[in-house]
Amino acid sequence: MDALPVSSLSDSLGRTIRYLRLSVTDRCNLQCVYCRDGLETFVPHESILRYEEMEQLVGLAVSLGVNKLRLTGGEPFVRRGFLDFLERLRDRYPTLDIRLTSNGTLLGPAVSRLKALGINGVNLSLDTFDRKTFERITGKDLLPQVLESMHTMLQAELPFKINVVGMQGINDSELPVFIDYALNNPVEVRFIEFMPMGEGTCWSSRIFWKGEAILAAVRKHCQVDFLKDTGAPARSYRLVKGDRQGKMGLISPVSQHFCASCNRLRLTAEGSLRTCLYDDREYRLREVLRHPRLGLPAVRRILILAVLHKPFGWRLLEKRLGAVASRRMHAIGG
Ligand code: SAM
């Protein structure tokens with residue numbers, strides 16, 4: 001098959017892809033109310049990309065201009081061999097910006113290795129500092145393990161951010177605790193709007209907490225200065241209270257989209273390419289990659305053509321009244 005003479009991934013709206021989010025597993029040790037319900041089944045092992053296949057696909061993306069990779073899931077640390085995989089990626093792509101998203105429950109013992117590997121950053125998902133609420137949200141009594149991981153990352157000076165899904169009636173009363181954490185630690189706390197992803201989560205307009213309302217609530221507790229709008233999903237703010245300063249981010253994918261500057265692709269653990277979080281169209285790359293007469297050159301063609309048709313996801317969100325995607329986040333990778 002002829003190689004398309006292309007060295008970067010651009011779409012028909014002029015957006016250039018630089019960022020790949022790769023889900024290393026759909027499995028997770030938590031059952032967060034906004035992400036999964038207790039009923040779903042996991043993808044069988046043979047349908048999950050092998051690490052060598054993921055390395056090939058990352059290599060392809062890098063050859064097409066991707067310079068940032070986020071490894072997510074499910075929970076990346078539940079997949080055996082994850083750290084060895086990271087090590088191989090780091091060796092092969094020393095300049096690639098590699099980040100992780102994790103629930104933090106299994107992260108603590110890996111911190112020194114992550115630090116040694118030069119992992120660029122971790123996004124840690126934490127929606128509450130209250131043990132009972134943690135169990136109510138995640139289905140597991142594992143808050144102490146998460147707090148221990150955070151402590152270890154702080155000690156090792158491994159950069160991390162906290163992602164909080166804002167939910168009215170569930171964790172809104174803890175806003176001052178998160179603000180205090182941001183004021184007392186060199187860690188950005190980012191509030192994310194609850195997205196109506198997939199059926200069967202607890203999403204409702206009553207629980208949904210709009211970004212603007214979160215910001216207004218934060219302003220009641222401290223001074224909030226807008227820092228910059230980089231076109232990135234998170235708008236950044238400086239928090240000031242007395243002589244303390246901290247950093248906060250706000251991600252409003254529901255009320256204030258960032259489709260115009262979206263530079264990302266998602267690859268599910270089964271090897272399906274999603275060019276937009278809100279779009280259910282998936283390009284099944286695994287079968288093509290494993291096909292003896294197709295393989296990586298064919299995957300490359302599909303990738304280039306799929307990106308050309310990357311949609312403006314906000315339009316899909318506007319059209320739908322209920323859940324926007326048929327898959328929940330653990331299956332896509334967030
Ligand atoms: N297990 C890892 C973790 O907990 O960070 C990675 C996977 S998780 C699907 C990635 C991110 O998606 C988490 O920060 C989680 O809070 C977020 N997430 C999941 N479902 C969401 C939803 N419906 N709305 C907003 N964020 C969601």
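You'll find the structure just up there.
Residues numbered from 1 in each chain as written. Predicted model: local features only at pLDDT ≥ 70, side-chain atom pairs only at ≥ 80, totals over all residues. Heavy atoms only, no water.

### Focus: the sheet that holds strand E11 (residues 244–251)
And then number 1: Pairing is mixed in the open sheet, where twelve strands are placed in the order E9-E10-E11-E8-E7-E6-E5-E4-E3-E12-E13-E14. With one partner strand each, in any of the chains shown, strand E9 (223–228) and strand E14 (283–284) form the two edges of the open sheet.
And then number 2: Pairing of strand E8 (residues 188–193) with E11 involves four bridges; the strand directions are parallel. Within E11, the residue paired with Val189 across the bridge is Met248. (Pairing = 2+ DSSP bridges. Helix = DSSP H or I, 4+ residues; strand = E, 2+ residues; numbered from the N terminus.)

### Here we look at the pairing of E8
And then number 1: Burial runs high along E8: six of the six residues are buried.
And then number 2: Of the strand pairs in this sheet, strand E7 (residues 160–166) and E8 are connected by six bridges, and their pairing is parallel. In the strand pairing of E8, Ile162 is matched with Val189.
And then number 3: For the crossover that starts at E7, traverses helix H6 (residues 175–184) and ends in the parallel E8, the hand is right-handed. (Buried < 20%, exposed > 50% of the residue type's maximum accessible area, 1.4 Å probe, protein only. Right-handed = clockwise from strand over helix to strand, strands pointing away.)

### Some details on the site of the ligand
And then number 1: Near the ligand you find 17 residues, and of these Tyr34, Gly74, Ser125, Met195 and Met329 are the closest.
And then number 2: Note that a nitrogen atom of the ligand is positioned 2.8 Å from one of the backbone N or O atoms of Gly74.
And then number 3: At a separation of 2.9 Å, a nitrogen atom of the ligand approaches a polar backbone atom of Met195.
And then number 4: Taking 550 Å² as the accessible area of the ligand by itself, protein coverage stands at 95%.
And then number 5: Put simply, the parts of the chain that give the shell around the ligand at least two residues each are strand E5 (97–102) and E7.
And then number 6: Looking at the shell around the ligand residue by residue, the class counts come to six nonpolar, nine polar and two charged. (Near = heavy atom within 4 Å. Polar contact = N/O pair within 3.5 Å; in protein donor to acceptor, adjacent residues only side chain to side chain. Areas by Shrake-Rupley, 256 points an atom, 1.4 Å probe, with all protein chains shown as cover. Nonpolar A, V, L, I, M, F, W, Y, C, P; charged D, E, K, R; others polar.)

### Comments concerning the packing of aromatic side chains
And then number 1: Summed over the entire model, instances satisfying the criterion amount to eight aromatic pairs.
And then number 2: Between Trp203 and Phe208, the aromatic rings sit 5.9 Å apart at their centres with planes inclined by 40°, giving tilted as the arrangement.
And then number 3: In this structure Phe208 comes out as buried when scored by relative accessible area, which is 14%.
And then number 4: Members of the aromatic cluster, each reached through a chain of ring pairs, are Phe129, Phe178, Tyr181 and Phe191.
And then number 5: Taking NZ or CZ as reference, Arg79 lies 4.1 Å from the ring centre of Tyr51, over its face. (Phe/Tyr/Trp six-rings, centres within 6.5 Å; stacked < 30°, edge-to-face > 60°. Lys NZ or Arg CZ within 6 Å of the ring centre and 35° of its normal.)

### Focus on the pattern of salt bridges
And then number 1: Tallied over the full model, the rule gives 17 salt bridges.
And then number 2: The shortest N-O distance in the salt bridge between Asp180 and Arg244 comes to 3.6 Å. On the criterion of sequence distance, the pair formed by Asp180 in helix H6 and Arg244 in strand E11 is long-range, its members being 64 residues apart.
And then number 3: For Asp180, a relative accessible area of 33% corresponds to the partly exposed category. (Salt bridge = Lys/Arg side-chain N within 4 Å of Asp/Glu carboxyl O.)

### Observations regarding H6
And then number 1: Among all positions in H6, only Leu175, Phe178, Ile179, Tyr181, Ala182 and Leu183 are buried.
And then number 2: Contact partners of the buried residues in H6: helix H5 (143–156), E7, E8, helix H7 (211–219), strand E10 (234–241) and E11. (Contact = heavy atoms within 4.5 Å.)

### Looking at the environment of Val62
And then number 1: By the element assignment, Val62 lies in helix H1 (residues 51–63).
And then number 2: Take Val62: its relative accessible area is 28%, and that puts it in the partly exposed class.
And then number 3: The spatial distance from the C-alpha of Val62 to the C-alpha of Ser8 is 9.1 Å, given a sequence separation of 54 residues.
And then number 4: Setting aside its immediate chain neighbours within four residues, Val62 contacts Tyr93 and Leu96.

### Thoughts on the packing of H1 against helix H9 (residues 295–308)
And then number 1: Interaxial distance between H1 and H9 falls to 11 Å at its minimum, and their mutual angle equals 50°. As judged from the angle between their axes, H1 and H9 are oblique. The handedness of the crossing between H1 and H9 is right-handed. Two secondary-structure elements touch here, H1 through Gln56, Leu57 and Leu60 and H9 through Leu296, Val299, Arg300 and Leu303.
And then number 2: Partitioned by chemical class, the residues of the contact of H1 with H9 number five nonpolar, one polar and one charged. (Axes fitted to C-alpha atoms, helices over the stretch in contact; angles between N-to-C directions. Parallel < 35°, antiparallel > 145°, perpendicular 65-115°, else oblique. Left-handed = near helix turned anticlockwise from the far one by under 90°.)

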